Amino acid sequence: MQSKMGTDEGRGAISDNYSDSESVGSDRIGFSGPLSGPLNKRGQRKSARFNIPESKTIAIAGGSSSSSSSMVDEAYVEITLDVRDDSVAVHSVKTAGGVHEDPEVTLLAKTLERRSTSVGSSVIRSASSKIRQVSQELRRLASLTKRPSSVGQIDRSKSAAAHALKGLKFISKTDGGAGWPAVEKRFDDLTANSEGILPRPLFGQCIGMKESKEFAGELFDALARRRNITGNSITKSELKEFWEQISDQSFDSRLRTFFDMVDKNADGRIAEEEVKEIITLSASANKLSKIQEQAEEYAALIMEELDPDNLGYIEIHNLETLLLQVPSQSIRGGTTNSRNLSQMLSQKLKPTKESNPVRRCYQKIKYFVEDNWQRLWVIALWLGILSGLFTYKFMQYKRKAAYEVMGYCVCVAKGAAETLKFNMALILLPVCRNTITWLRNKTKLGVAVPFDDNLNFHKVIAVGIAIGVGLHAGSHLTCDFPRILHASEEKYALMTPFFGNEKPPNYWWFVKGVEGWTGIIMVVLMAIAFTLATPWFRRNKLKLPKPLQKLTGFNAFWYSHHLFIVVYSLLIVHGIKLYLSKDWDKKTTWMYLAVPVLLYGGERLIRAFRSSIKPVKIIKVAVYPGNVLTLHMSKPQGFKYKSGQYMFVNCAAVSPFEWHPFSITSAPGDDYLSVHIRTAGDWTLQLKTVFSEVCQPPPAGKSGLLRAEGMEGDNSPSFPKVLIDGPYGAPAQDYKKYEVVLLVGLGIGATPFISIVKDIVNNIRAKEREEEELERGSCSVAVKGSSHNRKKGSFKTSRAYFYWVTREQGSFDWFKGVMNEVAMNDQKGVIELHNYCTSVYEEGDARSALIAMLQSLNHAKNGVDVVSGTHVKSHFAKPNWRNVFKRIALNHRESRIGVFYCGPPGPTKELRQLSSDFSRKTATKFDFHKENF
């Protein structure tokens, strides 16, 4: 049923304060009638009045009335809403009488919905000022179809309403007037010494475009040309006029401002040279150097699309046509049920705060235990053992004669010493990588033991050692020794079996003894190792004077940690030469250390032996932008690994002793091994240097800055010798346990997932080949066996979402070949690839608008993304992780999703929290795994 919807300036005012929540389930209700109304001073529509019928099926149409039904169909846009008792959300937007529904426009639900208390008020209030503002865009878009368009190469089947709402924004997070006070304050600060005159170079800083000075300068020129301002400075009143224009929410106003920026001679036409200039400017603002280099080529592409008649110029309506093409950041296998999408979008999926403090506390504890039960029981067991050992030794010495002289001090010292012996033995086990890899691969202990936290547990034990050292050494040095020195002859008689008939003459007597100097040296060495292992020193975060810079970095950490050899030797000596224990069976230090030291020593011998008998030959070397070195090596016989695992690399030309871990980027089915190494310290910098010396600029058609490939004969480059050791287990290797995985890599953190992506494709292909053989009935016993083995290996993954977020455009060169291979060969859309370039301003920003145009045009014509240089279209700015989780939860209901993250620690908290929130608020469960570097 349809009814007219008119405007009423005096009634129906609707608040702009919107909730982010949307309906979970809804009845479809419609309204119809012109959405347009009078404009206020800001160019926004006044409130529209809805005449709400009681029917459950109504449609909203925007446009002008017409006596002809064909004209109505042509001039109206139909909006379908999903309505529930307390909410309303946009379901779809399409031309009246049309049959094509745009699922992307359902994303408008996020901004066009508001909570209410009744069905009627929910519908009225949900048709907010946002709808009023959009109405003029909907009418214009509907009428746009009547204008002949010269651009036929682009798909125009999708509505551009959503894009029109948020496109070409020069100023973010403001509606004009709200942002002026801050701009005015900056103006006053910047012009304090120039008598109220703002020069052009400071314009960008004043309006909030500090990082885009060149773009802001061109914007200044465009605004000045429009007002016939010829100087290079403006007053506050002129700045306010500029501000009102660039913060105007009308799309037409924003379009005119952008057009004026490109049209430098103000003749109402844009020539190819002007297009080239604005492309260069936009690329510079977004730090896209490759687009700057190809600006001429891309300018010709735009002219070819918008000027097919070769007039030599384009006009504003041509630019408008291009701008309103929704960037088709196509998502393969996307959501097809827009009603379900509306339901999922409607959920904030944030934990509702419990008003009752007792219940809130219980809920927090419950969730904490659910998320950390593996860690909790391990820590509880560890603390229980320490408590038991401390108590046992404490009570034992309380019953000895030494207690009469030294009191509780000796009990505390000996109790702490017992925990120290246990911790010094235990701290070696988390770094026995071969043992841990075997346990996680060959046993079921991974269900209860958090093997991924081995290094964190190593650090926790180190804290326990530090506390134990403090208690033990502090009790002896500040309490026990002074009490002995000041003991009476009668009291000292109890100590003669341990210290001799003559009482020690002074404090130095204790220090110079074997027990004293071994203990002091151990404390000093451990303090050095602990200090240099902290992130401030290990990651070069401290700015030390030049002579002390050697104390920071990975090298300092690595060498200082190997002081443990001296520490353990002294610990055994210290444990033998005890003051208060003379019987050998009471000297238990060596008993604690025997098994862990032998196990760790055996692992180091295995590493040395394995690396020496498994030499690798360098096949190919490439140096990429972003200081990334890629090594392709021959695979040693018998070297079996899983995607997601890592191996250690040693290069004697850099250091014969240092071994550094790197994720394996080749797939298990490849006939080579590869690693991608980013320069992040002194060792990696030297490694890149020694390999760069044998590299040359790449030939035509080859990627990278420098390349070298091994060949037969005298012309083969002489590569430095490389040894490898591994593979070792990592969190990402468990991806096969999940049918659906979400892989998130930041920068070089994408390395383990590149191997996983390739492995998934290889496994899917192998499975398809086996199924084809079975269908033909000609499969061999070998094929059957292979199928059985794959089933036994429990490869479950059938869907993967890979999100790679990087700061620099050049980073996409690292894995360009893999991206193209997956994009072209993954015909069933098993793997969904998403590249994000954070140096590009978010979609809708005027600084990235032209980049979005080029992206759509070039991908439509050549199938190549202008940002990444691959077949995978890039997204701008950072991902909205909550929306990512929403879409995956919608697509895979009742499923368990494996979330794997590798990269800097920053996003870890957000991704873990989202995994927790969605697991509790939806039927989809998310298991979070991380690997920080």
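Quantities reported herein were computed from a predicted structural model and do not represent experimental measurements.

Asks: Help me out: how do you make sense of the overall build of the protein chain in this one?
Replies: On a plain count of helices and strands, the protein chain comes out with 34 helices and 19 strands. Looking at the protein chain as a whole, 50% of its 933 residues are labelled buried. Looking at the protein chain alone, contacts between residues at least 24 apart form 74% of all its contacts between residues at least 6 apart. Total accessible area on the protein chain is roughly 44,500 Å²; 56% of this is exposed by carbon and sulfur atoms.

Asks: Explain the sheet that holds strand E18 (residues 896-903) here, please?
Replies: Backbone-to-backbone hydrogen bonds join strands into a sheet, with any given pair of strands oriented parallel or antiparallel. With parallel pairing, the 6 strands of this open sheet are ordered in space as E17-E16-E15-E14-E18-E19. Of all strands in the sheet, those bounded by a partner on one side alone are strand E17 (874-876) and strand E19 (925-932). With direction set aside, neighbouring strand axes in the sheet form an average angle of 20°. In terms of strand pairing, strand E14 (residues 740-746) meets strand E15 (residues 799-806) through 7 bridges, oriented parallel. Counted as the bridge partner of Leu 746 is Val 805 from E15. The strands touched by helix H31 (residues 816-825) are E15 and strand E16 (831-837); relative to E16, the strand with the most contacts, the crossing angle is about 140°.

Asks: Just checking my understanding: could you explain helix H17 (residues 408-426) for this structure?
Replies: For H17, spanning 19 residues, the distance from its first C-alpha to its last is 27 Å, which sits close to the expected 27 Å at 1.5 Å a residue. The element H17 is extensively covered by neighbouring structure, given that 17 of its 19 residues are classed as buried.

Asks: It is not clear to me how helix H12 (residues 295-306) should be interpreted in this structure. Could you clarify?
Replies: In an α-helix, one full turn covers 3.6 residues, which means residues spaced three or four apart are oriented alike. With 12 residues, H12 ought to run about 16 Å at 1.5 Å a step, and its terminal C-alpha atoms sit 16 Å apart, in line with that. Inspection of H12 places Ala 295, Tyr 298, Ala 299, Leu 301, Ile 302, Met 303, Glu 305 and Leu 306 among the buried residues, and these make up the whole buried set.

Asks: Got a minute to help me understand the nonpolar core in this structure?
Replies: Counting 91 residues, the largest nonpolar core has Phe 203, Leu 239, Ile 279 and Phe 802 as the members making the most contacts within it. Once residues lying within four places of it in the same chain are set aside, the contact partners of Phe 203 are Leu 198, Ala 216, Leu 219, Phe 220, Leu 223, Ile 234, Leu 239 and Phe 242.

Asks: Would you take a moment to explain the pattern of salt bridges for this structure?
Replies: Two side chains bearing opposite charge may form a pair once their charged atoms approach each other closely. Evaluation of the coordinates by the stated rule reveals 27 salt bridges. Across the salt bridge formed by Asp 221 and Arg 200, the nearest N and O atoms sit 2.9 Å from each other. Remark: Arg 200 occurs in the loop between strand E5 (198-199) and helix H6 (203-207) and Asp 221 occurs in helix H7 (residues 213-226); sequence separation between them is 21 residues. We note a salt bridge from Lys 264 to Glu 218, for which the minimum N-O separation is 3.4 Å. One end of the pair, Lys 264, is in the loop between helix H9 (251-262) and helix H10 (272-285); the other, Glu 218, is in helix H7, with 46 residues separating them in the sequence.

Asks: Whenever I open this one, the packing of H7 against H9 confuses me. Can you help?
Replies: For any two helices packed against each other, one specifies the crossing angle of their axes together with the interaxial distance. Between H7 and H9, the shortest axis-to-axis distance is 8 Å and the interhelical angle comes to 100°. When the axis of H7 is compared with that of H9, the two are roughly perpendicular. Contact residues: H7 offers Phe 215, Glu 218, Leu 219, Ala 222, Leu 223, Arg 225 and Arg 226, while H9 offers Arg 256, Thr 257, Asp 260 and Met 261.

Asks: Quick question: what am I supposed to make of unusual backbone geometry here?
Replies: Working note: non-glycine residues mostly have negative phi, and peptide bonds are mostly trans. Residues Gly 726 and Pro 727 are joined by a peptide bond in cis, for which omega reads 0°. With respect to the helices, strands and loops of the structure, Pro 727 is situated in strand E13 (residues 722-728). Positive phi values are uncommon outside glycine, yet Asn 228 reaches one of about 60°. Residue position: Asn 228 is located in the loop between H7 and strand E6 (233-234). For Asn 228, a relative accessible area of 67% translates into the label exposed. Phi at Asn 627 takes a positive value of approximately 60°, unusual for a residue other than glycine. Topologically, Asn 627 is positioned in the loop between strand E7 (618-624) and strand E8 (628-634).

Asks: Sorry, what's going on with the environment of Met 406 here?
Replies: Along the polypeptide, Met 406 turns up in helix H16 (residues 402-406). For Met 406, a relative accessible area of 2% corresponds to the buried category. Distance from Met 406 to Lys 491, taken between C-alpha atoms, is 9.8 Å for residues 85 residues apart in sequence.

Asks: Would you take a moment to explain the pairing of E8 for this structure?
Replies: A regular strand places its side chains on the two faces of the sheet in alternate fashion. In terms of burial, E8 is largely enclosed, as 6 of its 7 residues are buried. In this structure, E7 lies alongside E8, joined through 6 bridges in antiparallel fashion. Residue pairing for E8: Val 623 is matched across the bridge by Leu 629. Linking E7 back to E8 in an antiparallel pair, the connection comprises 3 residues, with Gly 626 at a positive phi of about 85°.

Asks: Please clarify how the sheet that holds strand E11 (residues 672-678) should be interpreted in this entry.
Replies: The strand order E11-E8-E7-E12 describes an open sheet built from 4 strands, whose pairing is antiparallel. Among the strands making up the open sheet, the edge pair consists of E11 and strand E12 (706-709). Neighbour-to-neighbour, the strand axes of this sheet turn through a mean angle of 10°, independent of strand direction.

Asks: In this structure, what is going on with the confidence of the model for the protein chain? I would like to understand it.
Replies: Regions with low pLDDT should not have their predicted coordinates read in detail. The predicted model of the protein chain averages 74 in pLDDT, with 73% of residues at 70 or higher. For residues 1-75, every residue scores under 50 in pLDDT, and the model assigns this stretch 209 contacts once sequence neighbours within four places are set aside. Here residues 173-177 scores under 50 on pLDDT; set against residues more than four positions off or in separate chains, the count is 9 contacts.

Asks: I'm lost on the packing of aromatic side chains in this one. Help?
Replies: Two aromatic rings, taken as a pair, are described by how far apart their centres are and by the angle between their planes. In this structure the tally under the stated criterion is 27 aromatic pairs. With centroids separated by 6.1 Å and ring planes inclined at 25°, the aromatic side chains of Phe 662 and Trp 683 adopt a geometry described as stacked. Placement of the pair is Phe 662 in strand E10 (residues 660-663) and Trp 683 in helix H28 (residues 682-692), with a sequence separation of 21 residues. Ring geometry for Phe 885 against Phe 918: centres 5.6 Å apart, planes inclined by 40°, an arrangement best described as tilted. In this pair, Phe 885 sits in helix H33 (residues 881-891) while Phe 918 sits in helix H34 (residues 908-921), placing the two residues 33 residues apart along the sequence. Residue classification places Phe 885 among the buried residues on the basis of a relative accessible area of 0%.

The rules behind these values
Residues numbered from 1 in each chain as written. Predicted model: local features only at pLDDT ≥ 70, side-chain atom pairs only at ≥ 80, totals over all residues. Heavy atoms only, no water. Helix = DSSP H or I, 4+ residues; strand = E, 2+ residues; numbered from the N terminus. Buried < 20%, exposed > 50% of the residue type's maximum accessible area, 1.4 Å probe, protein only. Contact = heavy atoms within 4.5 Å. Areas by Shrake-Rupley, 256 points an atom, 1.4 Å probe, with all protein chains shown as cover. Pairing = 2+ DSSP bridges. Axes fitted to C-alpha atoms, helices over the stretch in contact; angles between N-to-C directions. Expected span 1.5 Å × (residues − 1). Core = buried A, V, L, I, M, F, W, Y, C linked by side-chain atoms within 4.5 Å. Salt bridge = Lys/Arg side-chain N within 4 Å of Asp/Glu carboxyl O. Parallel < 35°, antiparallel > 145°, perpendicular 65-115°, else oblique. pLDDT = per-residue confidence, 0-100. Phe/Tyr/Trp six-rings, centres within 6.5 Å; stacked < 30°, edge-to-face > 60°.

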